[in-house]
Amino acid sequence: MSNEKEQNNTILDCRGLACPQPVILTKKALDQLPESLTVIVDNAAAKENVAKFATAGGYGVSIEETGGLYQVRLLAGTNVGRATASMTATELSATDERPVFLISKDTLGQGSDTLGAILIKSFFVSLLETNPLPKTIMLINSGVYLAVQESPVLSAMQELSGRGVNILVCGTCLDYFELKEKLAVGSVTNMYSILSELTGSRRAITL
Amino acid sequence: MGGKPLTAMNIVTFPVCRLDAEVLLAILSGGQQKIAEAGAVMVGGHTIDDDEPKYGLSVTGTVHPSKILTNAGAQIGDALILTKAIGTGVLYTALRMDLFADGVAAAAQSMAQLNKYAAEVMEKYTVHACTDITGFGLLGHAYEMSSASGVEMQIDSGEVPLLPDAAAAATMGLVPAGAYANREYLKMISFDSSVTVNIQDLLFDPQTSGGLLISLPSEQADSIVQAMKSAGAAATTCIGRVVKKGKGQINVK
C-alpha cells in the first residue's frame, strides 16, 4: 500500500487488500481531510464498501473500472458532512454545488408522452453517472409515480437514494393519486420543505 | 443439533512476541467459563505461534439417535424462529475502526450467550428442523435448510432482529468480504424492492456465535417465542414461514 500526493488528489492504493482493510484505510485517509481521494481496489466488495462509506460521509463518488481494477474517486467539494460545526445552514447550502431537481411529471418533456416515458428512463440512467450527484430530487404531481413500486426507474431511484441523494415525495400528490401505500423509495414531504430546498439552492432545476 | 457436549479442547494461535500473555489468559479463562457453563469438561488443547490471535474449541458430545435435529425436516406451513439478533460481522468491522461502541458491546454480549438455553427450550416443542447461524449468514443457513428440506421459504426482513447500530454500520460500508461472497453464492434468493441494500447486506452478514434458526408448526410459534425470551434469548422472533414445496428458493420481503 502506498499513499502519495498528486496535485491535490491523494491516491490510496488498496490493491491486494480484502475487506474491511480498504474501508479502514479510506477512513484514515479521509480523516486528513484531503480535497479529493482516489482509492484503488481490485475487488468488487472493496469497491462497494468504499463507495458506501464515502457516500455516508457526504462525499461525491465516481467509479472507473479498468482491467479488474476499480478507481473510486471521492470528491470533498460535495461533502456536507465534513463542514465544520460552526458553519450556518445558509453557508452550507451556499457552498453546496450539488443540483436540486424538481420533477413534476412521470415523463420527460412536452409533446409525446410515449417518447417522454422513454426519455425519463434514459434521464435517470444518465443521472447516475453525473458528478456531483444531485443533492435532492423532489417529485410532485404525476412525478410521484416515479417513486412507487411500479416505477420504471425504481432501481435508479433506489441507487440514487443509496448513494446519498435525498428523495422527497409530495404527500398531497401521493394522496391524490392514492399511492401512499405503494411508495417504494424516498420520504414524504410537504410544500414548505420543497420551497425551502428550491430557494436554498444555487442550482435548482425544474423538469 | 440436539446433542449434549462432553469434552472440549482448546485450539489457539497467538502472536507470543507481540501481545501480552495476559490477553491469552483472558481468552482461555473466558473459554473455560463457557465450557463449564455448557456442562462440558476442558481436556487440554493445542497452541501455535501466529500473526493473529485465533481461538476455537474442538467439542465432542453425545446425542440420542432419535433426537438428532437436522436442517432437512422443515415442513410446509412451518413458522421460522430466530433466537439471536444478526450483525456481528458488520459490528466486528466497526470495532476495528473504533466506531459504534454501543453496537459493538451489544454484539460481544450476544456472541457470549450460549445457545444451550435455547436448545433446552426446543426439547419441549415439535421442532421439524434446526440449524445455527454462522459464517454463511442468516440467508445462507436458511437456504441450506430450505434446500435440504425441499421447500420454499418467505422471510420478512422487517421482523429479523438486528443488533443496535448494525443497520447504520452496513450503510457505511463496514461490510465483511464474507457477506459479499455469501451474496454472490446465494443468487437464487429474491428480494422485494422495498428491502434496502444495508438490510440485504446484514441478511448475508457472516455471524460469529449466531443464534438458532428453528422450523416448527406455526401454531407453536407464539409459545416458543415466549419460552425463549423467558430462557434469556431476548431477541427471539418469528421471522418467516415455509410456504410450499420447492428447491430452496427464499423470498425476502
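Residues numbered from 1 in each chain as written. Chains lettered and ligands numbered in written order. Predicted model: local features only at pLDDT ≥ 70, side-chain atom pairs only at ≥ 80, totals over all residues. Heavy atoms only, no water.

### Considerations on helix H5 (residues 137-149) of chain B
Residues and elements named next belong to chain B.
Here is step 1 of the chain: An ideal rise of 1.5 Å per residue puts 18 Å on 13 residues; H5 measures up with 18 Å between its terminal C-alpha atoms.
Here is step 2 of the chain: Where burial is concerned, most of H5 is hidden: ten out of the 13 residues are buried.
Here is step 3 of the chain: Listed in full, the buried residues belonging to H5 are Gly-137, Leu-138, Leu-139, Gly-140, His-141, Ala-142, Tyr-143, Met-145, Ser-146 and Ser-149.
Here is step 4 of the chain: Immediately beyond the C-terminal end of H5, within one or two residues, lies Gly-150, with a positive phi of roughly 65 degrees. (Helix = DSSP H or I, 4+ residues; strand = E, 2+ residues; numbered from the N terminus. Expected span 1.5 Å × (residues − 1). Buried < 20%, exposed > 50% of the residue type's maximum accessible area, 1.4 Å probe, protein only.)

### Structural notes on the state of the cysteines
Residues and elements named next belong to chain A.
Here is step 1 of the chain: Inspection of every chain in the model, using the stated rule, returns one disulfide over all chains.
Here is step 2 of the chain: Across the disulfide, Cys-170 is cross-linked to Cys-173 (sulfur-sulfur distance 2.3 Å). For the disulfide bridge between Cys-170 and Cys-173, the dihedral angle about the S-S bond is near 80 degrees, and by the sign convention the bridge is right-handed. With respect to class, Cys-170 is no different from Cys-173; both count as buried.
Here is step 3 of the chain: The structure places no disulfide on Cys-14, whose sulfur is separated from the nearest cysteine sulfur, that of Cys-19, by 9.7 Å.
Here is step 4 of the chain: Take Cys-19: its relative accessible area is 11%, and that puts it in the buried class. (Disulfide = S-S within 2.5 Å.)

### Regarding the packing of aromatic side chains
Residues and elements named next belong to chain A.
Here is step 1 of the chain: In the structure shown here, the tally under the stated rule is five aromatic pairs over all chains.
Here is step 2 of the chain: Ring centres of Phe-101 and Phe-123 lie 5.8 Å apart, and the angle between their planes is 75 degrees; this geometry places the pair in the edge-to-face category. One end of the pair, Phe-101, is in strand S6 (residues 100-103); the other, Phe-123, is in helix H4 (residues 113-127), with 22 residues separating them in the sequence.
Here is step 3 of the chain: Measuring from ring centre to ring centre gives 5.1 Å for Tyr-176 and Phe-177, while their planes differ by 85 degrees; the resulting arrangement is edge-to-face.
Here is step 4 of the chain: Ring-pair connections join several aromatic residues into one group, and the members of that group are Phe-101, Phe-123 and Phe-124. (Phe/Tyr/Trp six-rings, centres within 6.5 Å; stacked < 30°, edge-to-face > 60°.)

### Focus: the pattern of salt bridges
Here is step 1 of the chain: As enumerated under the stated definition, the model contains 14 salt bridges over all chains in all.
Here is step 2 of the chain: The salt bridge partner of Asp13(A) is Arg15(A), with a shortest N-O separation of 2.7 Å.
Here is step 3 of the chain: Among the residues examined, Asp13(A) registers a relative accessible area of 15% and is labelled buried.
Here is step 4 of the chain: One salt bridge connects Lys34(B) with Glu37(B), and the closest N-O pair in it is separated by 2.9 Å. Highlighted residues: Lys34(B) and Glu37(B), both in helix H1 (residues 21-37), separated by three residues, approximately one helical turn.
Here is step 5 of the chain: For Lys34(B), a relative accessible area of 28% puts it in the partly exposed group.
Here is step 6 of the chain: Salt bridges here are not isolated pairs; linked through shared partners, they connect Glu48(A), Lys52(A), Arg183(B) and Asp201(B). (Salt bridge = Lys/Arg side-chain N within 4 Å of Asp/Glu carboxyl O.)

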